[in-house]
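Structure at a glance
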Amino acid sequence: MSIEGHTFSGCESLTSVVIPNSVTKIEEYAFLDCASLASITIPDEVTSIGDYAFDGCYSLTSISIPESVTSIGISAFWGCRSLTSVNLPERITKIPDFAFAGCWRLASIEIPKSVTSIGFQAFHYCNDLTSVTIPNSVITIDKDAFSGCSGLTSVTIPASVTSIGDFAFYDYGQCGNLTSVTNRSKIPQYVDYYAFSVHDELHVPVGCKEIYSNSIGWSSFEKIIDDVVLDDEEEALTATNLIEAIGNVEFTDACKSKIEAARKAYDALSKEQQALVLNYDLLIEAEEAYKLLEGTGIANLNSDDSPKDGKYFEKGKVVIVKNGKKFNINGLAE
């Protein structure tokens, strides 16, 4: 059973709701603009909350989302400006776009360890947000994710993060209080200069000061201090991320450099740390594939007509691409 889309949309006098246990889904716009809704009880049987489900519920002060919920829709709590606290279930994998944008009074948020991405403007203009815990499961922080969060004074970027979007922590003319940033990754993520509105103090892993000092965006910080000591899991994440970044194997200097960087990072780990690199098999496969490409004796192809021309390892065999057409190493069309 579901609470269907727009069921209570615009019910401005509705102050409280108890959802029966028979409900398993709250669909999009279900409680849109219920401006007086101050409390709601969501039963453990609910598995999903749809797009804009509680958008514009200005009076909602707190909400408990049960562990049964596996997905929260876009803008689900957008503009819930009285919301001071929210618990998120351990089964969701994404904080979607605009999920809590405009929740002015939201003071703190703990993101579950199941979450791998934080969406566009997910916490945009959460002015009272002073504390946020980003777990070591998060891989991407999207554009504007925490923009306008003028209450944030410090933030820690976990070692797992490989992508940070433009303006992710920018303050847009508010009183910028984010003066201390800790980045626990040994690989500086590409960031735009405007990812942060204040560039006071950056703390990075021991031995990584130079690489951050020469990296776009990070070099803008006035003080870069390499005083962060990583645990075994974080050390292993460096090799894990470099292996993941190899992608499709092709006969290019760029691909060769990626493989070599991943191998160097893995070999530098202790045995205990190496055991935590769960995608090591991909590195072995990439090295073997590159050797096959190298051993064909065919020079890498270049063509103005087709920038994708070259030698690739595809589905266990060498493929030559010339002028957009595929051939095997014997020159026969694929």
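Everything that follows concerns the structure shown earlier in this document.
The following refers to the structure shown. (Residues numbered from 1 in each chain as written. Predicted model: local features only at pLDDT ≥ 70, side-chain atom pairs only at ≥ 80, totals over all residues. Heavy atoms only, no water.)

This part covers the nonpolar core. Within the largest apolar cluster, 67 residues are counted, with the highest numbers of intra-cluster contacts made by F31, F54, I118, F123, I141 and F146. Where this core is concerned, the elements lending two or more residues are β14 (154-157) and β17 (201-205). Look past the residues within four positions of I141 in its chain and what remains in contact with it is I118, I134, F146, I157, V161, S163, I164, G165, A168 and F169. (Core = buried A, V, L, I, M, F, W, Y, C linked by side-chain atoms within 4.5 Å. Buried < 20%, exposed > 50% of the residue type's maximum accessible area, 1.4 Å probe, protein only. Helix = DSSP H or I, 4+ residues; strand = E, 2+ residues; numbered from the N terminus. Contact = heavy atoms within 4.5 Å.)

What follows concerns the pattern of salt bridges. A full pass over the atoms with the stated rule returns four salt bridges. One salt bridge in this structure joins E235 and K186, with 3.1 Å as the shortest N-O distance. One end of the pair, E235, is in helix α2 (residues 232-244); the other, K186, is in the loop between β16 (180-183) and β17, with 49 residues separating them in the sequence. One salt-bridge network, in which partners are shared between bridges, spans R263, D267 and E287. (Salt bridge = Lys/Arg side-chain N within 4 Å of Asp/Glu carboxyl O.)

Strands sit in the order β1-β3-β5-β7 across an open sheet of four strands; the sheet is parallel. The open sheet has two free edges, formed respectively by β1 (2-3) and β7 (71-72), since each of these has just one partner strand. Bridge count for β1 against strand β3 (residues 25-26) is two bridges, and the pairing is parallel. In the strand pairing of β3, I3 is matched with I26. (Pairing = 2+ DSSP bridges.)

Looking at the largest pocket, its volume works out to about 360 Å³. Lining the largest pocket are 15 residues, with N136, S160, L237, T240 and N241 positioned closest to its centre. Split by residue class, the lining of the largest pocket holds six nonpolar, seven polar and two charged. (1 Å grid on protein atoms, 1.4 Å probe; cavity = no way out; pocket = protein on both sides within 12 Å on 5 of 7 lines; lining within 4 Å. Points joined across faces, edges and corners; volume = space filled by probe spheres on them. Nonpolar A, V, L, I, M, F, W, Y, C, P; charged D, E, K, R; others polar.)

Attention now moves to the sheet that holds strand β21 (residues 325-327). Two pairing modes exist for strands in a sheet, parallel and antiparallel, and in both the strands are linked by backbone hydrogen bonds. Spatially, β19-β20-β21 is the arrangement adopted by the three strands of the open sheet, whose pairing is antiparallel. Two strands bound the open sheet, and with one partner strand each, they are β19 (310-314) and β21. On average, each strand axis in the sheet is tilted by 35° relative to the strand beside it, whichever way the strands run. Judged from the three bridges that link them, strand β20 (residues 317-322) and β21 form a sheet pairing that is antiparallel. Paired with K322 across the bridge in β21 is K325. Contacts from helix α5 (residues 280-294) reach β19 and β20 within the one sheet, and its direction differs from that of β19 by about 140°. (Axes fitted to C-alpha atoms, helices over the stretch in contact; angles between N-to-C directions.)

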